[in-house]
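The lines below spell out each chain.
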Amino acid sequence: MVPVSVGGIAQSALLTDQLLAYYRQLSKGLLTVVDVETTGSRPAEARVIEIAVVQGSLDQGITHEASFVVNANVRVPHTITRLTGITTAMVEQGTAADVVWQALRSPLDQGVLTGHNLAFDYSFIQAEYQRLGQGFKRPEAQQFCTVILSRLLLADLPSRSLPQLVRHFGFDVGRSHRALADTKACWLLANLLLERLANTSDDALRQQFAEQWVPLRDAVKVFDCPRVDLQRQLDARGCERRTSRRGNRHMYRRGDLETLYRELYPEQLTSNLGEAGG
């Protein structure tokens, strides 16, 4: 979570009005939805073995679709095969990694990069381009994670995992944990969430957003003070706090954080809101 005074309005904005502006503008532009299947969870060690990209807008629907099984010259662990159905033999018959990433460079550079837990997909895409000696970076204002918005708008559901949401909403996309199926599911979810936003008043959304739990480690990036000082100020005001099961992560309500920010940085607030509105 960083201030949005530079680089446009982003999903990580602290201030609710900036966050609303970010989500409102998403429905007007091109979304580039991605999903990757990989051999593990660490981009530096694991490889992408399947990727799908779906592009479109709420007005025009899907305008571009591509899917590749990627031959990255790796064996697929049995655990990954059980999860995805992708085998080493399938990967060996896939398209060479350098060909895939060259073919996808143009669409991946366009629109708002969108994914369900986008940070995972984005980090792997970056790692694959780095292996080719290329950089890949999208501005924060051009990134959209449907997990984050799901937590805000679908807080009453027991799980916001993509397979659970597919079942809940009855999306007809095929087997989960395959890139094209998950990309289409994310596309449908993004449309559903953005349409729900469009049909909800700003005042109602402000109330929902104010209830969101924000990790202290993210909030401190906005406040010009050490984490322990920020926590002390919030606790002194009697702000509600939630602690993770392991006890190593504290979270506070977005509304409480925003109230404190407005008190501590009125000049910065005016500047940021002016830039957001411009």
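As the structure is a prediction and not an experimental result, all values here were calculated from the model.

K.L.:
I would appreciate a short explanation of the domain arrangement of the protein chain in the present structure.
P.N.:
The parts lose accessible area when they come together, and the size of an interface is often stated as this lost area. In terms of domains, the protein chain is made up of domain 1 (11-202) and domain 2 (212-271). Here the C-alpha centre of domain 2 lies 30 Å away from the C-alpha centre of domain 1. Taken together, the contact between domain 1 and domain 2 spans 6 residues of the former and 8 residues of the latter. Note on domain 1 versus domain 2: buried area summed over both sides is about 710 Å², and carbon and sulfur give 65% of it. Summed over the shared surface of domain 1 and domain 2, the result is 0 salt bridges. At the junction of domain 1 and domain 2, the tally comes to 1 residue pair in polar contact (both at pLDDT 80 or more).

K.L.:
Help me understand the pairing of strand E3 (residues 61-71), please; the structure alone is not making it clear to me.
P.N.:
Within a regular strand, side chains alternate between the sheet's two faces. Across 8 bridges, strand E2 (residues 48-57) lies against E3 in antiparallel orientation. Looking at E3, one finds that Glu50 is bridged to Val69. Hairpin connection of E2 to E3: 3 residues between the antiparallel strands. Both E3 and strand E4 (residues 95-96) contribute to a ladder of 2 bridges, which runs parallel. When the bridges of E4 are listed, Asn71 appears paired with Ala96.

K.L.:
Teacher, can you tell me more about the UniProt feature "domain: Exonuclease" (unreviewed entry) in the protein chain here?
P.N.:
Per the UniProt entry, the sites bearing "domain: Exonuclease" (unreviewed entry) are residues 30-199 in this numbering. Secondary structure over residues 30-199 splits into 44% helix and 22% strand, and the C-alpha atoms at its two ends are 20 Å apart.

K.L.:
Whenever I open this one, the nonpolar core confuses me. Can you help?
P.N.:
Nonpolar side chains in soluble globular proteins tend to be buried together. Counting residues in each nonpolar core, the largest one holds 31 residues, and the members touching the most others are Tyr23, Leu31, Phe144, Leu149, Leu197 and Phe209. Of all the elements in the fold, those that place two or more residues in this core are helix H1 (16-26), strand E1 (31-38), helix H6 (146-153), helix H7 (162-169), helix H8 (179-198) and helix H9 (202-210). Broken down by element, this core gets its largest block of residues, 9 residues, from H8. Leaving out residues up to four positions away in the same chain, Leu197 has contacts with Tyr23, Arg24, Leu149, Leu153, Leu205 and Phe209. Listed in part, the 22 residues of the second largest apolar core include Val70, Val100, Leu118 and Tyr122.

K.L.:
Explain the packing of aromatic side chains to me, please; I cannot follow it from the model alone.
P.N.:
Each aromatic ring pair is specified by the distance between its two centres and by the angle formed by the two planes. One pass over the full model with this rule turns up 11 aromatic pairs. Note on Tyr22 and Tyr23: the rings are 5.1 Å apart at their centroids and 65° apart in plane angle, and the pair reads as edge-to-face. Tyr23 matches Tyr22 in its accessibility class, with the two residues each being buried. Ring centres of Phe223 and Tyr261 lie 5.6 Å apart, and the angle between their planes is 85°; this geometry places the pair in the edge-to-face category. You can see Phe223 sitting in the loop between helix H10 (216-219) and helix H11 (227-236) and its partner Tyr261 sitting in helix H12 (residues 254-264), a full 38 residues away along the chain. We classify Tyr261 as buried; its relative accessible area is 2%. These aromatic residues form a ring-pair network of at least three members: Tyr22, Tyr23, Phe144 and Phe209. For Arg105, the ring lying beneath its charged end belongs to Tyr129, and the centroid distance is 4.7 Å.

Conventions adopted
- Residues numbered from 1 in each chain as written.
- Predicted model: local features only at pLDDT ≥ 70, side-chain atom pairs only at ≥ 80, totals over all residues.
- Heavy atoms only, no water.
- Domains from an automatic or database assignment.
- Contact = heavy atoms within 4.5 Å.
- Buried area = accessible area lost by both parts, 1.4 Å probe.
- Salt bridge = Lys/Arg side-chain N within 4 Å of Asp/Glu carboxyl O.
- Polar contact = N/O pair within 3.5 Å; in protein donor to acceptor, adjacent residues only side chain to side chain.
- Pairing = 2+ DSSP bridges.
- Helix = DSSP H or I, 4+ residues; strand = E, 2+ residues; numbered from the N terminus.
- UniProt positions renumbered as here; feature names shortened; annotations may be inferred.
- Core = buried A, V, L, I, M, F, W, Y, C linked by side-chain atoms within 4.5 Å.
- Buried < 20%, exposed > 50% of the residue type's maximum accessible area, 1.4 Å probe, protein only.
- Phe/Tyr/Trp six-rings, centres within 6.5 Å; stacked < 30°, edge-to-face > 60°.
- Lys NZ or Arg CZ within 6 Å of the ring centre and 35° of its normal.

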